[in-house]
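What follows is the residue order along each chain.
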Amino acid sequence: MMSRLFVWFQHLLPQHALSRLVLRATRVRVPWFKNLLVRGFFRLFTIDMTEAAQSDPLSFGSFNEFFTRSLKPGARAIASDPRAIACPVDGTVSEAGQIDGERLLQAKGRYYSLTELLAARAWANHFDGGSFATLYLAPYNYHRVHMPLRGQLRETVYVPGKLFSVNAATASLVPRLFARNERVITLFDTAFGEVALIMVGALNVGSMATVWAGDITPAPRRTVTTLPASAVALDKGEELGRFNMGSTVILLFQRDRARWHADLRAGAVVRLGQSLGMLQ
């Protein structure tokens with residue numbers, strides 16, 4: 001009952017206005033206000049600062065700088081096997097498996113389509129029958145996104161949409177959640193075929209950014225937009241982008257290219273750099 005009330009309440013909220021307010025608040029550089037936000041966050045969540053490059057949470061210039069903090073060099077070991085798929089984030093597996101034709105599993109009994117998720121891009125059907133992994137980042141997780149394997153950027157697309165929460169309760173109740181929420185689609189050419197990594201926005205996610213385009217959301221115009229092409233090649237484990245609050249990453253591989261490890265199932269906790277499966 002509480003989950004249904006939470007989802008119902010989200011339908012009533014001015015989602016984008018609220019997220020813009022969060023964006024402004026988290027970038028305020030007034031020390032007393034910033035410190036108030038950081039201390040409040042620590043009262044809500046347990047945060048391990050020993051892995052952070054800057055370990056004093058009150059030393060950051062803004063809450064957003066604290067939230068998107070970098071890790072110490074070597075804090076995460078990146079899967080070294082050239083065929084290993086390195087986890088791009090710290091988080092929890094929402095779902096993972098094979099794409100059924102063009103259908104992806106969102107939660108038990110709920111599906112959405114590749115065409116919707118990928119905003120009907122001409123290459124969307126290249127992933128029919130492929131593999132997917134949906135990874136949820138909670139507010140307490142590290143919020144930078146890294147490359148699962150070496151790739152050459154081909155396309156970056158902004159897709160406008162709703163900003164529902166992407167937690168498990170909402171995913172189980174809101175139809176086609178990930179295809180309805182605002183998102184940033186990135187497509188890469190790799191030695192193992194095309195790979196897509198989708199950053200899905202959510203309630204209170206102030207912005208999503210990539211290392212080549214900077215902040216992409218909030219967008220000045222809420223229309224599907226292909227960003228100017230950038231000659232970008234990123235190595236496995238290299239930073240790709242970041243969320244400025246918690247959200248979700250979806251990985252897509254083409255048919256017969258990825259084989260997930262048996263323990264990659266809904267609810268599994270994953271860490272940046274660990275092997276999620278093997279490429280073939």
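See the structure above.
In this text the structure is predicted, and so the values were computed from the model without any measurement.

The rules we used
Residues numbered from 1 in each chain as written. Predicted model: local features only at pLDDT ≥ 70, side-chain atom pairs only at ≥ 80, totals over all residues. Heavy atoms only, no water. Phe/Tyr/Trp six-rings, centres within 6.5 Å; stacked < 30°, edge-to-face > 60°. Helix = DSSP H or I, 4+ residues; strand = E, 2+ residues; numbered from the N terminus. Buried < 20%, exposed > 50% of the residue type's maximum accessible area, 1.4 Å probe, protein only. Salt bridge = Lys/Arg side-chain N within 4 Å of Asp/Glu carboxyl O. Pairing = 2+ DSSP bridges. Axes fitted to C-alpha atoms, helices over the stretch in contact; angles between N-to-C directions.

Draft legend 1. Looking closely at the packing of aromatic side chains. Throughout the structure, instances matching the rule amount to 14 aromatic pairs. On the numbers, 5.8 Å between centres and 80° between planes, the contact of Phe41 with Phe66 is edge-to-face. Placement of Phe41 in helix α3 (residues 31-44) and of Phe66 in helix α4 (residues 63-67) is noted, with a sequence separation of 25 residues between them. According to the relative accessible area criterion, Phe41 is buried, its value standing at 7%. The class of Phe66 is buried, set by a relative accessible area of 0%.

Draft legend 2. Examining the pattern of salt bridges more closely. Tallied over the full model, the rule gives 13 salt bridges. Measuring nitrogen to oxygen at the nearest pair gives 2.7 Å for the salt bridge that ties Arg176 to Glu116. In this pair, Arg176 sits in the loop between α6 (168-173) and α7 (177-180) while Glu116 sits in helix α5 (residues 114-117), placing the two residues 60 residues apart along the sequence. Note on Glu116: relative accessible area 30%, which makes it partly exposed. Across the salt bridge formed by Glu239 and Arg242, the nearest N and O atoms sit 3.0 Å from each other. Salt bridges here are not isolated pairs; linked through shared partners, they connect Glu51, Arg76, Asp90 and Arg271.

Draft legend 3. View of the sheet that holds strand β16 (residues 258-260). As summarised here, the arrangement of the three strands in space is β1-β18-β16, forming an open sheet in which the pairing is antiparallel. If you trace the sheet from one side to the other, it starts and ends with β1 (84-86) and β16, each paired once. With strand direction ignored, the average angle separating the axes of adjacent strands in the sheet is 35°. Relative to strand β18 (residues 275-279), β16 runs antiparallel, the two being bridged by three bridges. If you follow Trp260 over to β18, its bridge partner there is Gly277.

Draft legend 4. Up close: the sheet that holds strand β14 (residues 239-243). The sheet built from four strands is open, its strands ordered β6-β14-β10-β11 with antiparallel pairing. The open sheet has two edge strands, β6 (144-146) and β11 (214-217), and neither has a second partner. Ignoring which end each strand starts from, the neighbouring axes of this sheet average 30° apart. The sheet contact formed by β6 and β14 spans three bridges and is antiparallel. From the neighbouring strand, His146 faces β14, where its bridge partner is Glu239.

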